[in-house]
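Working through the structure, step by step
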Amino acid sequence: MPPREKKSTEQEETLSSSTPEEIQAILWKAADKLRGSVDSAQYKEFVLGLIFLKYVSDAFDEHRNKLAKELAEDGVSDDRIVDFLEDRDEYTGAHIFWVPETARWSWIAANAKSQGVGKLLDEAMDAVMRENAALTGVLPVIFNRDNVDQKRLAELVDLISDARFGGNEEKPTQDVLSEVYEYFLVNFARAEGKGGGEFYTPQSVVRLIVEILEPYNGRVYDPACGSGGMFVQASKFIETHRGRGHNPDIAVYGQEINQRTWRLAKMNLAIHGIDGNLAGRWGDTLTDDMHPDLKADFVMANPPFNISDWPRDESDVRWRYGVPPRNNANFAWLQHAVSKLADRGTAAIVLANSSHSSPRIEAEIRRAMVEADLVACMVALPPQLFRTTQIPVCLWLLTKDKSPQGAKRLDDRRGKTLFIDAHGMGEMVGRTERALTEADLTKIADTYHAWRGTASAREANLSYQDESGFCFSADMATVREHAYALAPARYVDTGPPVALEPPEVPRSGPAALMKDLYAIFG
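Residues numbered from 1 in each chain as written. Predicted model: local features only at pLDDT ≥ 70, side-chain atom pairs only at ≥ 80, totals over all residues. Heavy atoms only, no water.

1. Description of the overall build of the chain
The cut-off we apply is this: Numbering of helices and strands runs from the N terminus; a helix is a DSSP stretch of H or I covering at least four residues, while a strand is a stretch of E covering at least two. Here the term buried applies to any residue with accessible area under 20% of the maximum for its type, exposed to any over 50%, and partly exposed to those in between, with areas from a 1.4 Å probe on protein chains only. Any pair of residues with heavy atoms lying within 4.5 Å of one another is described as a contacting pair.
In terms of helices and strands, the chain carries 19 helices and 11 strands. Residues classed as buried in the chain amount to 53% of the 522 residues present. Considering only intrachain contacts with a sequence separation of at least 6, the fraction spanning at least 24 residues in the chain is 70%.

2. Concerning the sheet that holds strand 5 (residues 341-352)
By way of backbone hydrogen bonds, the strands of a sheet pair with one another, either parallel or antiparallel. Using the following cut-off: A pair of strands is treated as paired once DSSP finds two or more bridges between them.
Spatially, 3-2-1-4-5-7-6-8-11 is the arrangement adopted by the nine strands of the open sheet, whose pairing is mixed. The sheet is open, and its two borders are formed by strand 3 (276-277) and strand 11 (471-475), each paired with just one other strand.

3. A short note on the environment of Pro-392
Within the fold, Pro-392 resides in the loop between strand 6 (375-380) and strand 7 (393-399). We classify Pro-392 as partly exposed; its relative accessible area is 41%. C-alpha separation for the pair Pro-392 and Leu-381, spaced 11 residues apart in sequence, amounts to 7.4 Å. Not counting residues up to four positions away in its chain, the partners in contact with Pro-392 are Leu-351, Ala-352 and Asn-353.

4. Some words on the layout of surface pockets
What counts here: Cavities and pockets were defined on a 1 Å grid built from protein atoms only: a cavity is a group of points that admits a 1.4 Å probe but offers it no way out, a pocket is an open group of points flanked by protein on both sides within 12 Å along at least five of seven lines, and a lining residue is one with an atom within 4 Å of any such point. Grid points are joined across faces, edges and corners, and a volume is the space filled by probe spheres set on the points. Three classes are used, and their members are as follows: Ala, Val, Leu, Ile, Met, Phe, Trp, Tyr, Cys and Pro are nonpolar, Asp, Glu, Lys and Arg are charged, and the others, Gly among them, are polar.
A volume near 1500 Å³ is recorded for the largest pocket. Along the walls of the largest pocket sit 45 residues, with Tyr-55, Ala-270, His-272, Gly-273 and Ile-274 positioned nearest its centre. Of the residues in the lining of the largest pocket, the class split is 20 nonpolar, 13 polar and 12 charged.

5. Brief notes about the side chain of Asn-302
Put simply, the test is: Counted as a polar contact is a pair of N or O atoms within 3.5 Å, where, for protein atoms, one must be capable of donating a hydrogen and the other of accepting one, and residues adjacent in sequence contribute only when both atoms are in side chains.
Following the sequence through the fold, Asn-302 ends up in the loop between strand 4 (296-301) and helix 13 (330-340). Note on Asn-302: relative accessible area 11%, which makes it buried. Side chain to side chain, Asn-302 and Thr-201 meet in a polar contact 2.9 Å long. Residues contacting Asn-302, with those up to four places away along its chain left out, are Thr-201, Ala-224, Met-230, Val-350 and Phe-386.

6. With respect to the pattern of salt bridges
This is how the line gets drawn: The working definition used for a salt bridge is a side-chain nitrogen of Lys or Arg within 4 Å of a carboxyl oxygen of Asp or Glu.
For the coordinates displayed, the defined rule picks out 21 salt bridges. Salt bridges here are not isolated pairs; linked through shared partners, they connect Glu-45, Arg-260 and Arg-263.

7. Quick word on the nonpolar core
Using the following cut-off: Throughout, nonpolar core names a set of buried Ala, Val, Leu, Ile, Met, Phe, Trp, Tyr and Cys residues whose side chains join them through atoms within 4.5 Å.
Membership of the largest hydrophobic core comes to 114 residues, with the highest contact counts inside it found for Phe-52 and Phe-184. The element contributing the most residues to this core is helix 3 (residues 43-73), with 14 residues. Contacts of Phe-184, omitting those with residues within four sequence positions, involve Gln-24, Leu-27, Trp-28, Ala-31, Val-47, Leu-48 and Ile-51. Counting residues in hydrophobic clusters, the runner-up holds 32 residues, among them Ala-337, Val-370, Ala-474 and Met-476.

8. A short note on unusual backbone geometry
Its identity is not glycine, yet Asp-309 carries a phi of approximately 55°, on the positive side. Inspection of the secondary structure assignment puts Asp-309 in the loop between strand 4 and helix 13. For Tyr-484, which is not glycine, the phi dihedral falls at a positive 65°. Tracing the backbone shows Tyr-484 in the loop between helix 17 (476-481) and helix 18 (489-492).

9. Things to note about helix 13
Within helix 13, 10 of the 11 residues are buried, which leaves the element mostly enclosed by the surrounding structure. Each element contacted by the buried residues of helix 13 is listed here: strand 1 (218-222), strand 4, strand 5, helix 14 (360-371) and strand 7.

10. Describing the pairing of strand 8 (residues 416-421)
With five of six residues buried, strand 8 lies mostly within the body of the structure. Here four bridges tie strand 6 to strand 8, and the two strands are oriented parallel to one another. Bridge pairing links Ala-380 to Asp-421 in strand 8. Sheet topology note: the strand 8/strand 11 ladder contains five bridges and is antiparallel. Bridge assignment links Lys-416 to a residue of strand 11, and that residue is Asp-475.

11. Overview of the packing of helix 7 (residues 117-131) against helix 8 (residues 150-162)
Rule in force here: In this analysis, axes come from line fits to C-alpha atoms, helices being fitted only over the stretch in contact, and the angle between any two N-to-C directions falls in the range 0 to 180 degrees. Here the word oblique covers every angle except those under 35 degrees (roughly parallel), over 145 (roughly antiparallel) and from 65 to 115 (roughly perpendicular).
Relative to each other, helix 7 and helix 8 sit at 60°, their axes nearing to 9 Å. Relative to helix 8, helix 7 is oriented oblique. Of helix 8, the residues touching helix 7 (which contributes Val-117, Gly-118 and Leu-121) are Gln-150, Leu-153, Ala-154 and Val-157. A class-by-class count of the residues in the contact of helix 7 with helix 8 yields five nonpolar, two polar and no charged.

12. Observations regarding the packing of aromatic side chains
For clarity, the cut-off: In summary, the pairing rule links any two rings of Phe, Tyr or Trp, Trp by its six-membered ring, whose centres are within 6.5 Å, and it sorts them by plane angle into stacked for under 30 degrees, edge-to-face for over 60 and tilted for everything else.
One pass over the structure, following the stated rule, counts 14 aromatic pairs. Centre to centre, the rings of Phe-60 and Trp-98 are 5.4 Å apart; their planes meet at 75°, and the pair counts as edge-to-face. In this pair, Phe-60 is assigned in helix 3 and Trp-98 in the loop between helix 5 (89-92) and helix 6 (105-115), connecting sequence segments 38 residues apart. Residue classification places Phe-60 among the buried residues on the basis of a relative accessible area of 0%. On the basis of an interplanar angle of 5° and a centroid distance of 3.8 Å, the ring pair of Phe-419 and Tyr-491 is categorised as stacked. Pair noted here: Phe-419 is in strand 8 and Tyr-491 is in helix 18, with a separation of 72 residues, a long-range link.

13. Some words on the confidence of the model for the chain
To be explicit about the condition: The predictor attaches a confidence to each residue, called pLDDT, with possible values from 0 through 100.
Summarising the model, the chain shows a mean pLDDT of 86, and 86% of its residues fall at 70 or more. Counting interchain partners and residues more than four positions distant, the pLDDT-below-50 stretch residues 494-522 has 35 contacts.

14. Observations regarding helix 6
Here is the rule we go by: This arc corresponds to the set of directions leading from the helix axis out to the C-beta atoms.
If you check which residues of helix 6 are buried, you get Trp-105, Ile-108, Asn-111 and Ala-112. Viewed end-on, helix 6 has its buried residues packed into an arc of 145°, placing them on one side of the element. Projecting away from the buried face of helix 6 at angles above 90 degrees are the exposed residues Ala-110, Lys-113 and Ser-114. Within two residues after helix 6, Gly-116 carries a phi angle of roughly 95°, on the positive side.

Right, dumping it as C-alpha cells:
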C-alpha cells in the first residue's frame, strides 16, 4: 500500500479552520507565494480567476444536487434523472452558469497531478467562456505558462479544494465564496498602494453613497465602475432592507476604462449573482460613452481625481454648463453624471475637494450648475479615507428635481442646497487609513434624508434642523454671497461668509492657521 501523501502546512491549517476569516487569511498567504512567478499586472486576475471558477463550479454542484433530490422525491427514474442533470436549460433557467464536466472543480482537483494543473485550468476557463456568452473574454487563460510555478499553483488549487466553503441555510456556498472574493479585492488594493485605487473604492465610502441614495428600485449607473463595488453594495442594501428576492428590482449599468479591471468587475457581479450590463467591452466613458441612451435613477461614482490632459471634445453635448478645462476632468465627470440622470434621478459623485472651490473655468461651470438648481448636497469627507491618495475629498449630490415629486411626498427643496461637514468623522483602522463608523454613516445619511423628507425619514420620525459646525441648508442667495464656492465649512458655521482671499496668519499659532486654511480650501 503506497504511503499517504503528506498535506502541506497550509492545507492542515485550512482543514482545521472554522471561520471564514481564518480561511481567507490562509488562502491569501498561500496565493501570495505565487506573486513572484506571475506578472504583477496579471496577478489579480490569476488568483481571482481561480476563486471565480470555484464559485461557478460550486454553484453548479449545489443546483445539481438540489435538482437530483427534487427529481428523486418526485419518483423520476434514475435514467431520467441523469438526463435532467445534464440538461443545460435546467441550470441557465435558474440563472446558474453551465459548467462542462471538465471545467468542474472536482474534475480538475482529481486530475491536476496526472494531466497538469495549468493546462486543465486554462482549458476549464476556455470551456466556461465558450458555454456562457456573458463570460466571453472575461476569464483569465494564463495558467499554463513557463513563468508560472506549477507546484505552487497545484498547492493553491488543493487549498481552495480543501477550504470549508460549504454553506448552510443562512449562508449558501456562493455567499461564502463571494466574501472571499471581496476579501482578496481589498487586500490587492492595499498591496498595490496608489494603483489599487483604480479598481477599488473603500467600503465605508461606497456604503455612504448607497445609504444616502437608497437605491431600492430603478436603473443604477456607475460610469467609472472599477471592480463593481458600488453595484455589490447596492445589492446588499436591498437584501438588508427588503430581502434577497428584491435584488432584480434594480438594473445595473456600468463602464470601466481598464481591460483587466473590467474583467474583475464582470466576475465580481457574477459571483454576487448580479446581472449587470457593463457594456460589451472596456472603454473611456468621457470619450466613448457605451450607454448613450441611458437615463438612470441613480448615478454613483468614484472617478479618478484631477485627470489632466484628457481627450476633450469641446463640441460634446454633455458640456451643457460649460466646457471643462483640458487640464482637469472633474467637471466633465459631474456634467456626464447630470446628462445620465432621469428627470427625477439623483447622482452621488466623489471628487477632490478642489472641485468645490476651484477658480476660473470650473468656477463658471459650478455657478451655472448651482443656478440650474442641480446641487442638492455637498459633503466634506474626512481625510485618509483612501489609502491610495492623501487628496482630501468631498461628495457631490446632484438632482434635476428638488420638488416634492408627487406621491413621494418629499420636502420641497427647490432653490436650496444642504451642506454637511463630516471632515472630523471616522476612526483610524490602520496606520494610514481611516473609515467612517456605523454612527457616522447613520448621522450623515439621516441628515440628508431628514432634509429631503424621504420615506425612511418619515418612518423614523426624523426632522431636519441646521446644526452649527455640522450641517446647514442654504438658499440660492446665500450661495451667491459665497461666490458659488461650495466648501461646506463656509456654510455650517454661523457668522458672515468666509472671505475668498487668505486671511492673515493669526498669532495663536499653526492650529488656528490650519483651521482658517481648511475654511478656505476645504
